[in-house]
Amino acid sequence: MRVLLTGASGYVGQAVVHRLVANGVAVTALEYRTRRRWPPAVHVRTGDLLRPAELWEAVRDVDAVCHLAADATVRHTSADAAELQRQVITEGTGYLLAAMGAEAERRGVPMGLLHLSSSAVYGRAVDRPLRVTDAAEPRSSYGAAKLAAEEAIGAAAATGRIGAISLRLFNAGGRTPYGGAPSPATLIHKAVAAVSGRSTVLTVNGDGSALRDFVHVCDVATAVVAGLFRTTPATHHVHNVGATPASVLEVLAEVGRAAGRAVPVRHRAADGMDTPYLVADTADTRAALNWEPVSSGLPRIVTEQFEAFYDEHNSRS
């Protein structure tokens, strides 16, 4: 199988490249701004999701696409940020689908698509794990853009030119095999920075009882590759990817245990972006993809965040 990865240089992309190479897949990494050193087996292309001609060239002669590229900061609220997310996520996906459809028609063979979506497509959750059959009512521009991309993928699959799976990712953590770590905007990173003295205090919205779902990035990569091999022409299936529910307070307690001291915290009122319960029901994911998270314990994720934090600090010293 020959696979093109958009967003290959990103956090999840690094882990997926490593997993695909380990599985003997011929990988083309599509890079936009960031340049990384890849194993010799990885072919590298430079391309922009918003330039259709570059996408048409990138998908030529590949069998499937892992579409991971996105501006992943959920809490962007400005009009400019919302427009950028709409362009990169929604329009970019549309251009990619057009290129894939044309390539499938040229070769006479449907293409596979694995799309990394987000738990941000859900609205204010009920007090139970979320199923993919629950209403998608995004409360952020990021979630709205991801939902629009899912809908476009569904329409493209109905033409028979592609088969697709979308994975709604909850909170990825841990280090990639290449040393990559999650965004500094994530809860665990901010808690590690606060307890390590790099920031003065961690601001928590509400009382800290909000539940979130954490999954190791290597387990995410395993789900992505499993999904890629299970796409079926003319279908679009959606699955959740999560593993370890934990409250904000439980996360802070784990970070404190690892550091040997409490995380300095300041509480403020919850805002309109906050959801009290955002946990994945992954029963169908595990069954459909034969997937089981094996690295997603909270202690491991927190320990690796400390390692990444100190690596970054030492590299700047």
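For the structure itself, look to the data block above.
Residues numbered from 1 in each chain as written. Predicted model: local features only at pLDDT ≥ 70, side-chain atom pairs only at ≥ 80, totals over all residues. Heavy atoms only, no water.

**Quick word on the pattern of salt bridges**
- Inspection of the entire model under this criterion finds 16 salt bridges.
- Put simply, Glu-292 and Arg-286 hold a salt bridge, and the shortest N to O gap is 2.5 Å.
- Several salt bridges share partner residues, and in doing so they unite Arg-2, Asp-63 and Arg-107 into one network. (Salt bridge = Lys/Arg side-chain N within 4 Å of Asp/Glu carboxyl O.)

**Quick word on the sheet that holds strand 3 (residues 43-46)**
- The seven strands lie next to each other as 3-2-1-4-5-6-10, forming an open sheet whose pairing is parallel. Taken across any chain shown, the strands that pair with only one partner, and hence form the sheet edges, are strand 3 and strand 10 (236-241). Averaged over all neighbouring strand pairs, the angle between strand axes comes to 20°, with direction disregarded.
- Of the strand pairs in this sheet, strand 6 (residues 162-169) and strand 10 are connected by six bridges, and their pairing is parallel. Within strand 10, the residue paired with Ser-166 across the bridge is Val-238.
- On the sheet, helix 1 (residues 11-22) packs against strand 1 (2-6), strand 2 (26-31), strand 4 (64-67), strand 5 (111-118) and strand 6 and is oriented at approximately 170° with respect to strand 1. (Pairing = 2+ DSSP bridges. Helix = DSSP H or I, 4+ residues; strand = E, 2+ residues; numbered from the N terminus. Axes fitted to C-alpha atoms, helices over the stretch in contact; angles between N-to-C directions. Contact = heavy atoms within 4.5 Å.)

**So, the sheet that holds strand 7 (residues 171-173)**
- The strand order 7-9-11 describes an open sheet built from three strands, whose pairing is mixed. Two strands in the sheet have a free side with no partner beyond their single neighbour: strand 7 and strand 11 (244-247). Here the strands of the sheet are splayed against their neighbours by 40° on average, with no regard to which way each runs.
- Here strand 9 (residues 211-216) runs beside strand 11; their pairing, made up of four bridges, is antiparallel. Bridged to Phe-214 within strand 11 is Thr-244.
- Strands strand 9 and strand 11 of the sheet are contacted by helix 7 (residues 248-259), whose axis makes an angle of about 90° with strand 11.

**Thoughts on unusual backbone geometry**
- If you check the backbone angles, Asp-61 has positive phi at about 70° while not being a glycine.
- Note that Asp-61 resides in the loop between helix 2 (52-58) and strand 4.
- In this structure Asp-61 comes out as partly exposed when scored by relative accessible area, which is 38%.
- A positive phi angle, close to 50°, is found at Asn-290, a residue other than glycine.
- With respect to the secondary-structure elements, Asn-290 resides in the loop between helix 8 (283-289) and helix 9 (298-316).
- The class of Asn-290 is exposed, set by a relative accessible area of 65%. (Buried < 20%, exposed > 50% of the residue type's maximum accessible area, 1.4 Å probe, protein only.)

**Looking at the environment of Thr-93**
- Tracing the backbone shows Thr-93 in helix 3 (residues 79-107).
- Note: C-alpha distance between Thr-93 and Ala-70 (23 residues apart in sequence) is 9.6 Å.
- One polar contact links the side chain of Thr-93 to the main-chain carbonyl oxygen of Ile-89, over a distance of 2.5 Å. (Polar contact = N/O pair within 3.5 Å; in protein donor to acceptor, adjacent residues only side chain to side chain.)

**Let's talk about helix 1**
- When the terminal C-alpha atoms of helix 1 are compared, their 18 Å separation across twelve residues agrees well with the 16 Å that a helix rising 1.5 Å per residue should span.
- Along helix 1, the positions that sit buried rather than exposed are Tyr-11, Val-12, Gly-13, Gln-14, Ala-15, Val-16, Val-17 and Leu-20.
- Just past helix 1, the residue Gly-24 takes up positive phi, approximately 80°. (Expected span 1.5 Å × (residues − 1).)

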